[in-house]
Amino acid sequence: MERQNAWKKYKGKQLKEIESLAKSYKDFLNNGKTERECVKTSIAMAKDAGYKDLAEIIKKGKKLVPGDKVYAVNMGKAVALFNIGTQKLEKGINILGAHIDSPRMDVKQNPLYEDSELAYLDTHYYGGIKKYQWVAIPLAIHGVVVKKNGDVVNVVIGEDKNDPVVFISDLLIHLAADQLEKKAGKVIEGEALDIIVGSKPLEGEEKDAVKANVLKLLKKKYDMEEEDFLSAELEIVPAGDARDAGIDESMIMAYGQDDRVCAYTSLKAFLDVENVKKTACCLLVDKEEIGSVGATGMRSRFFENTLAEIINLTEEYSDIKLRRALAASRMLSSDVSAGYDPSYASCFDKKNASFLGRGIVFNKFTGSRGKSGSNDANAEYMADIRKILDEQSVSFQTAELGKVDVGGGGTIAYILSLYGMEVIDCGVAVLNMHAPWEVTSKVDIYEAKRGYEAFIRFA
Ligand SMILES: [Zn+2]
C-alpha cells in the first residue's frame, strides 16, 4: 500500500499556488521565531480576515451570531480563533490545533558574565535538542525585557543584515581528540551552552570591562539595566531567514518548522473559510516542547474557558452545554512527523514511515515503546477523515514516528482527547527535526493546508 508522490498531481497554475503558499509561509517563519512573535503575526493575519478581539466583545457586552469571527489571546503566547457556525455549539466544533513554541536556548535570569575578556550570556536549553548542533553557528536573540514600570521592550538582535549575530564557541579539531571520544550527548554539555556576546572592554573601566561595555550598549539601545534580565524572556535561535532548499527548490530549510509548519497551514486554511455550519476553531499553543505545561500550554484551562465564553455570548450558558460541546467536538492535532531518511533507514519501519512529498501525515497514535503516552485515535474517526480527504483529492499518508522500540514523542492530542472528543494527530513530514535548520517539502505544506481546509468545511 504505497502512497503517491503529490508533486505528480500538479502542473501550471497549481505549481504557482504551491510556490506562493511557500513564500507566505517563509515570511511567517521569518516574522515568528518565538511564540510571542507568532501570536503577533497570527493576530495581524486574523484581523485582516475580519476577526475581532473576544475581550473587546465581552467588555462591550455584545453577543455573537453565526458568521462572527473572534480571537482570544493567552498572555501573548497562545491564541484561539473561532468562526461561529449556524449549528448549536452542543453539537460540537471542528478544531485545528498546533503549537508555536520551538526548541531553542533560553537566557537565564542572571545570565551576563565575563571570563578572560569575553562577555557571555548563560542559557538553559528549551525542548529536546542535540546540543552539539547549536555551537559554531550564527545565533540571534529574540524576546522581551519587561521593566519594573511594566514597559515591555521587544528585542531582536541578529536578523537584520546590518545586525551582529552571537554564537557558542566549539573546540578546534586540533585539540578535540578527548572531546571526540565522548558520547554525542556529552560532547557539548547543557551548562556549556553559553553565548558569546562581546570582547571589547569599556574605556576607563578596570574590572569586567567587556561586560560593562555590553551593559552600556544594552542601556543605549534598549534602556535596560543588568537587573532587568530578572524579568526578561530572551530566546536564542538560529539567525537568518527561511530558504528554499534543493537545486529544484522543492523544499524549505528554516528554523522552527516544528511546529510552525502546521500552525501556519492550519491558520491559513482556517482564515480562508468564510461561513461554516459547525463552529470552527484554530488553536495555537505554547510549551508543547516541554510537556504542554504552564498557563500558556495545552494543559491550561485557556481553551475550555474561552469556549465557555463563546457559549455564553451565543446562547444561555450552562456547564452541561460546555461539556457536551467539548465531547462532541473533532480535532486535527497537528504536529510534525519524522520524514523517512534513507541515511538513517535503520531507525524507521519503511512501510509505516512518512515520506517528504507524499502529503499530509496521519499518526493514529504517537507515543513511544508500546504506544506509551499516545492518543490512539478511533478507527471510525480516521474513516471519516480519509473519506473527506479522498473526496477533495488531498494527498495523505499514515506513519509512526520511527521503529516501535526506537523512540517516540508526544503531541497535544492526548490532552484534548480527555474531553471525550475525537482527536487524531496529523501534520507535515520533516527532515532534521529539532535541529537548528529543519526541512519540509513545499508540496506537503500545500497538501496540509488543503487538508485542513477540507476538515473545516466538511468534518
Ligand atoms: Zn517538537
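Visitor: Please explain the sheet that holds strand 11 (residues 243–245) as it appears in this structure.
Guide: Across a sheet, paired strands are connected by hydrogen bonds in the backbone, their directions being either parallel or antiparallel. With antiparallel pairing, the 3 strands of this open sheet are ordered in space as 11-12-20. One side of each edge strand has no neighbouring strand; the edge strands of this open sheet are strand 11 and strand 20 (438–441). When the angles between neighbouring strand axes are averaged without regard to direction, this sheet yields 35 degrees. Sheet topology note: the strand 12 (residues 251–254)/strand 20 ladder contains 4 bridges and is antiparallel.

Visitor: What is the right way to look at the domain arrangement of the protein in this model?
Guide: Note on interface size: it is often stated as the accessible area lost on association of the parts. Segmenting the protein into domains produces domain 1 (6–102 + 255–458) and domain 2 (104–238). Here the C-alpha centroids of domain 1 and domain 2 sit 33 Å apart. The interface is formed by 12 residues belonging to domain 1 together with 14 residues belonging to domain 2. Of the residues in the side of domain 1 that touches domain 2, the class split is 5 nonpolar, 3 polar and 4 charged.

Visitor: Looking at this model, I keep getting lost on the sheet that holds strand 6 (residues 118–126). Mind explaining?
Guide: A sheet is described by the order of its strands in space; here 6 strands give the open sequence 8-7-10-5-6-9, paired in antiparallel fashion. Unpaired on one side and paired on the other, strand 8 (152–157) and strand 9 (195–198) mark the two borders of the sheet. Strand after strand, the sheet turns through a mean of 30 degrees between neighbouring axes, direction not considered. Direction of pairing for strand 5 (residues 104–115) relative to strand 6: antiparallel, over a ladder of 8 bridges. Considered in strand 6, the bridge of Tyr113 is made with Tyr120. Contacting strand 5, strand 6, strand 7 (139–146), strand 8 and strand 9, helix 6 (residues 209–222) runs over the sheet at an angle of about 125 degrees to strand 5.

Visitor: Help me out: how do you make sense of the packing of helix 8 (residues 302–314) against helix 9 (residues 319–327) in this one?
Guide: Each pair of packed helices can be described by the angle between their axes along with the distance between the axes. Close contact between helix 8 and helix 9 brings their axes to 10 Å; oriented N to C, the two are set at 120 degrees. The way helix 8 lies across helix 9 gives a crossing that is right-handed. Residues Leu307, Ala308 and Ile311 of helix 8 touch helix 9, and the partners they reach there are Lys321, Leu322, Ala325 and Leu326. Broken down by class, the residue content of the contact of helix 8 with helix 9 amounts to 6 nonpolar, no polar and 1 charged.

Visitor: Can you help me understand the environment of Ser24 in this one?
Guide: Note on placement: Ser24 falls in helix 1 (residues 13–31). Sequence separation between Ser24 and Tyr264 is 240 residues; the distance between their C-alpha atoms is 9.3 Å.

Visitor: Would you take a moment to explain unusual backbone geometry for this structure?
Guide: A negative phi angle characterises most non-glycine residues, just as the trans form characterises most peptide bonds. Look at the link from Asp258 to Asp259: it is a cis peptide, with omega at 10 degrees. With respect to the helices, strands and loops of the structure, Asp259 is situated in helix 7 (residues 257–272). In this structure, Ser292 takes a positive phi of about 60 degrees despite not being glycine. Note on placement: Ser292 falls in the loop between strand 13 (280–285) and helix 8.

What counts and how
Residues numbered from 1 in each chain as written. Predicted model: local features only at pLDDT ≥ 70, side-chain atom pairs only at ≥ 80, totals over all residues. Pairing = 2+ DSSP bridges. Helix = DSSP H or I, 4+ residues; strand = E, 2+ residues; numbered from the N terminus. Axes fitted to C-alpha atoms, helices over the stretch in contact; angles between N-to-C directions. Domains from an automatic or database assignment. Contact = placed C-beta atoms within 7 Å. Nonpolar A, V, L, I, M, F, W, Y, C, P; charged D, E, K, R; others polar. Left-handed = near helix turned anticlockwise from the far one by under 90°.

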